[in-house]
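# What the coordinates show
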Protein chains: 2
Amino acid sequence: MKDTDDKLTSRNIKPTAMRELVLDILTEQTAAISLSDLEQKFHKSDKVTLYRTLKTFEENKLIHSIDDGTGAVKYALCKESCQCHPEDLHVHFFCIKCQHTFCLSDIPIPSINLPVNFSIENINMVVKGVCSNCNE
Amino acid sequence: MKDTDDKLTSRNIKPTAMRELVLDILTEQTAAISLSDLEQKFHKSDKVTLYRTLKTFEENKLIHSIDDGTGAVKYALCKESCQCHPEDLHVHFFCIKCQHTFCLSDIPIPSINLPVNFSIENINMVVKGVCSNCNE
DNA sequence: AAGTTTATGCAACTGAGTTGCAAACTATTC
DNA sequence: GAATAGTTTGCAACTCAGTTGCATAAACTT
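Residues numbered from 1 in each chain as written. Chains lettered and ligands numbered in written order. Predicted model: local features only at pLDDT ≥ 70, side-chain atom pairs only at ≥ 80, totals over all residues. Heavy atoms only, no water.

Below, the discussion takes up the pattern of salt bridges. Residue and element names in this part refer to chain A. All told, the structure shown has 2 salt bridges over all chains when counted by the stated rule. A salt bridge links D68 to K74, with the nearest nitrogen and oxygen atoms 2.7 Å apart. The pair D68 / K74 is uniform in exposure class, with both members buried. (Salt bridge = Lys/Arg side-chain N within 4 Å of Asp/Glu carboxyl O. Buried < 20%, exposed > 50% of the residue type's maximum accessible area, 1.4 Å probe, protein only.)

Core analysis: the biggest nonpolar cluster contains 34 residues, and V91, F93 and M125 of chain A together with V91, F93 and M125 of chain B have the highest contact counts within it. Elements with a contribution of two residues or more to this core: β4 (90–95), β5 (101–108) and β6 (119–130) of chain A together with β4 (90–95), β5 (101–108) and β6 (119–130) of chain B. With sequence-adjacent residues up to four places away left out, F93 of chain A is seen in contact with H100, T101, F102, L104, V127, K128, G129, V130 and C131 of chain A together with L114, F118 and S119 of chain B. (Core = buried A, V, L, I, M, F, W, Y, C linked by side-chain atoms within 4.5 Å. Helix = DSSP H or I, 4+ residues; strand = E, 2+ residues; numbered from the N terminus. Contact = heavy atoms within 4.5 Å.)

Near DNA strand C you find 19 residues, and of these Y51 of chain A together with T16, M18, R19 and R52 of chain B are the closest. In DNA strand C, atoms within 4 Å of the protein come 60% from sugar and phosphate. Interatomic distance of 3.0 Å between a backbone N/O atom of V73 of chain A and a phosphate oxygen of DNA strand C. A distance of 2.4 Å separates a base oxygen of DNA strand C from a polar side-chain atom of R52 of chain B. (Near = heavy atom within 4 Å. Polar contact = N/O pair within 3.5 Å; in protein donor to acceptor, adjacent residues only side chain to side chain.)

What follows is about the sheet that holds β4 of chain A. Reading across the sheet, the 6 strands line up as β5(A)-β4(A)-β6(A)-β6(B)-β4(B)-β5(B) and stay open at both edges, with mixed pairing between neighbours. In this open sheet, the two edge strands, each paired with only one partner strand, are β5 of chain A together with β5 of chain B. The mean inter-strand angle of the sheet, taken between neighbouring strand axes irrespective of direction, is 30°. Both β4 of chain B and β5 of chain B contribute to a ladder of 5 bridges, which runs antiparallel. Bridge assignment links H92 of chain B to a residue of β5 of chain B, and that residue is C103 of chain B. (Pairing = 2+ DSSP bridges. Axes fitted to C-alpha atoms, helices over the stretch in contact; angles between N-to-C directions.)

Right, let's talk about the interface of chain A and chain B for a bit. The interface of chain A with chain B comprises 31 residues on the first partner and 31 residues on the second. When the two sides are added together, the surface that chain A and chain B hide from each other amounts to roughly 2,500 Å², 65% of it contributed by carbon and sulfur. Considering only the surface of chain A that becomes buried against chain B, I112, F118 and M125 of chain A emerge as the three largest contributors, covering 20% of it. Viewed at the interface, chain B and chain A are joined by 0 salt bridges. Counting across the chain A and chain B interface gives 12 residue pairs in polar contact (both at pLDDT 80 or more). Secondary structure elements with two or more residues in the side of chain A that touches chain B: β4, β5 and β6 of chain A. Looking at which element gives the most residues to the side of chain A that touches chain B, the answer is β6 of chain A, with 12 residues. When grouped by side-chain class, the residues that make up the side of chain A that touches chain B number 19 nonpolar, 9 polar and 3 charged. With 11 bridges joining them, β6 of chain A and β6 of chain B adopt antiparallel strand pairing. Residue pairing in the sheet places I123 of chain A in a bridge with V127 of chain B of β6 of chain B. (Buried area = accessible area lost by both parts, 1.4 Å probe. Nonpolar A, V, L, I, M, F, W, Y, C, P; charged D, E, K, R; others polar.)

What follows is the structure in structure tokens.
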């Protein structure tokens, strides 16, 4: 639990039992998960607590959210160094077969030449297709 | 009404009074609009009819939908030649000040080198920031 | 005109996300 | 270590976008 605790405190999040559990579950995932996915990993759980836990994690940049177009926002762990600035962002991939949403952490979002006087804050880029697992 | 009719029939959509009205409203817009935005442009209207009208338009590639992360899907007219294939897609911009969502029709989505065995179907790219109107 | 298909309108529902409030817990101060 | 203040958790209840079922209305077919 020491590791989990450290990760939380290093992001200025008080390590409660609940938060440790949620962080552990998030750490196990190979794909991004939604609030209701998370809810189903608990036998008895309160959606609101999980919701607020995710919000806290996101505000403190422990996790980032992905709007993959499925109607439910997904969440995935940030890298240790991540500050969620435009230069930290990567492309996400949604597989239309297995319905999983992956971080393509190694693929940075390409820079865009916006029209004059447009300033940029954030970019969301989701590629839809079939992942390598589902391509035979 | 002849023009509107032609646009509908050329996309294999039967030109009803309702659909003409909706298409006219969509044509007037400078920014993408949501179902509830559309609903408010009618004095008396049925959300479901508008919803199905938009679905029909989208299926027939008269309009495309944009998930800008606000929680409500936005819609905007496609160009005449658009088939909504990856090569037809453009970047979208969401202004965090005026809350408008624009098509940056001249900015194609940059191509991405996906990992091996990933195939691509579609890309959604939304840049958030401040538009030129709102930047003083 | 009768029958078939398609579009529209109403009611009612789902599911994600959210707020308010009270109880439980944690941290702080004496 | 008890009193207090601040934070977290759990429950109820709500909002709002999107959606389905079904009945009526309108448009096509022969």
